Amino acid sequence: MDNMQIRTIVGIIGNVISFVLFISPAPTIWRIFRNKSVEEFSPDPYIACVLNCLLWIFYGLPFNHPNSTLVVTINGTGLVLELIYLTVFLIYGKSSHRKKITIFLLIELIFLGVVAGLDLGLFHTHKARSTFVGAFCVVFGVAMYASPLTIMWKVIKTKSVEFMPFPLSLAAFLNGCCWTTYALLKFDFAILIANGTGAVLGFIQLVLYTCYWGTTPKKSKTPTAAAAAAEVQLQNV
């Protein structure tokens, strides 16, 4: 079995783990749909994920980075899910939510259009194009992976892992490791940096869980707490 075959297998595994992370907010969305109210939930994580997915999809297209089909498939799936989540917010949210979602999605599309125009107009090789687009992917990918830092700080302050579910922390770590391996098998700096950061942060979350699970108050999580933790833990390739 050569490197490309191994890379494909690793990428498929990464797709499965990433899908688990993309689908993790489903209980929150179902709660909003059932109650016909967004309550105190915020659309911000989903708005951010849309841009992240759009950039990675564009990065993985053949004219930018050939042989990156698995990057496109998982982020395409993620994009569809994020748009579904945002649709629920548009239907059941306040006018302020609708205004924010509409404005930011428009800004993201304009931003992607500018990046695409510069990419296709100024660069004429796969290496140059993937480096240019990859730089944006790294910035937004690291930002997404860094989003649980607030929860990690809360764990340290409260000595409680109540708001940092173990399954999501483990999935985030495995997702980062899987896509880091994928990047190393055929060196890809953008995927490597973004997901290497994710693997490190995921590992830190697991260490924190090991340190503080014993001091966590023995009480059941409220749906709001669990859902909020799921939103913060949202990851993608």
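Here the structure is a predicted model, which means the values were calculated and not measured.

For the rest of this paragraph, the subject is unusual backbone geometry. Its identity is not glycine, yet lysine 36 carries a phi of approximately 55°, on the positive side. Phi at asparagine 67 takes a positive value of approximately 60°, unusual for a residue other than glycine. In this structure, asparagine 67 sits in the loop between α3 (44–60) and α4 (69–92).

With that settled, consider the side chain of asparagine 15. The topology assignment puts asparagine 15 in helix α1 (residues 3–23). The contacts of asparagine 15, once residues within four sequence positions are left out, are Leu70, Thr73, Ile74 and Trp179.

Moving on: the environment of asparagine 35. For asparagine 35, the position within the fold is in helix α2 (residues 26–35). Separated by 57 residues in the primary sequence, asparagine 35 and tyrosine 92 have C-alpha atoms spaced 9.1 Å apart. At 3.1 Å, the side chain of asparagine 35 and the side chain of glutamate 39 are in polar contact.

Moving on to the packing of aromatic side chains. Under the defined criterion, the tally for this structure stands at 13 aromatic pairs. Measuring from ring centre to ring centre gives 5.3 Å for phenylalanine 132 and phenylalanine 136, while their planes differ by 80°; the resulting arrangement is edge-to-face. Taken as a pair, phenylalanine 132 and phenylalanine 136 lie in helix α6 (residues 126–145) at a separation of 4 residues, close to a single helical turn. Assessed through its relative accessible area of 18%, phenylalanine 132 is described here as buried.

The next point concerns helix α5 (residues 95–122). Think of an α-helix as turning once every 3.6 residues; residues three or four places apart then point the same way. In a regular helix each residue adds 1.5 Å, so 28 residues correspond to 40 Å; α5 covers 40 Å between its end C-alpha atoms and thus fits that length. Taken together, the buried positions of α5 are occupied by His97, Ile101, Glu108, Leu112, Val115, Ala116 and Asp119.

Judged by side-chain polarity, Leu106, Ile110, Val114, Leu118 and Leu122 come together as a nonpolar surface patch covering roughly 470 Å² of accessible area. Assignment of secondary structure puts valine 114 in helix α5.

We now examine α3. Taking 1.5 Å per residue, 17 residues should reach 24 Å; α3 reaches 25 Å between its end C-alpha atoms and fits that length. Within α3, 14 of the 17 residues are buried, which leaves the element mostly enclosed by the surrounding structure.

What counts as what
- Residues take numbers from 1 onward in each chain, read along the sequence in its written order.
- A pLDDT threshold of at least 70 governs which residues receive local features in this predicted model, and a stricter bar of 80 or more applies before side-chain atom pairs are shown or counted, although totals over entire chains, interfaces and linings include all residues.
- The side-chain numbers reported here are obtained from all heavy atoms of the structure, hydrogens and water having been left aside.
- Helix and strand labels come from DSSP, where a helix needs a run of H or I of at least four residues and a strand needs a run of E of at least two; each type is numbered from the N terminus.
- Whether two residues touch is decided by their heavy atoms; if any such pair falls within 4.5 Å, the residues are in contact.
- Pairs of N or O atoms within 3.5 Å make up the polar contacts considered here, provided that, within protein, one atom can donate a hydrogen while the other can accept it, and that residues adjacent in sequence are counted only when both atoms are side-chain atoms.
- Ring geometry is summarised as follows: Phe, Tyr and Trp rings, the Trp one being its six-membered ring, pair when their centres sit within 6.5 Å, and such pairs are stacked at plane angles under 30 degrees, edge-to-face over 60 and tilted between the two.
- Residue burial is assigned from relative accessible area. The probe radius is 1.4 Å, only protein chains are included, and a residue is buried under 20% of its type maximum, exposed over 50%, and partly exposed in between.
- Helix span, expected: 1.5 Å multiplied by one less than the number of residues in the helix.
- Residues qualify for a patch when their relative accessible area is over 30% and they have no salt bridge, like charges being joined within 9 Å and the nonpolar side chains of Val, Leu, Ile, Met, Phe, Trp and Tyr within 5 Å.
- Note that accessible areas follow from Shrake-Rupley with a 1.4 Å probe, and for residues the cover is restricted to the protein chains shown.
- By convention in these notes, a salt bridge is any Lys or Arg side-chain nitrogen within 4 Å of a carboxyl oxygen on Asp or Glu.

Everything listed here is a matter of coordinates, which is why it stays silent on function.
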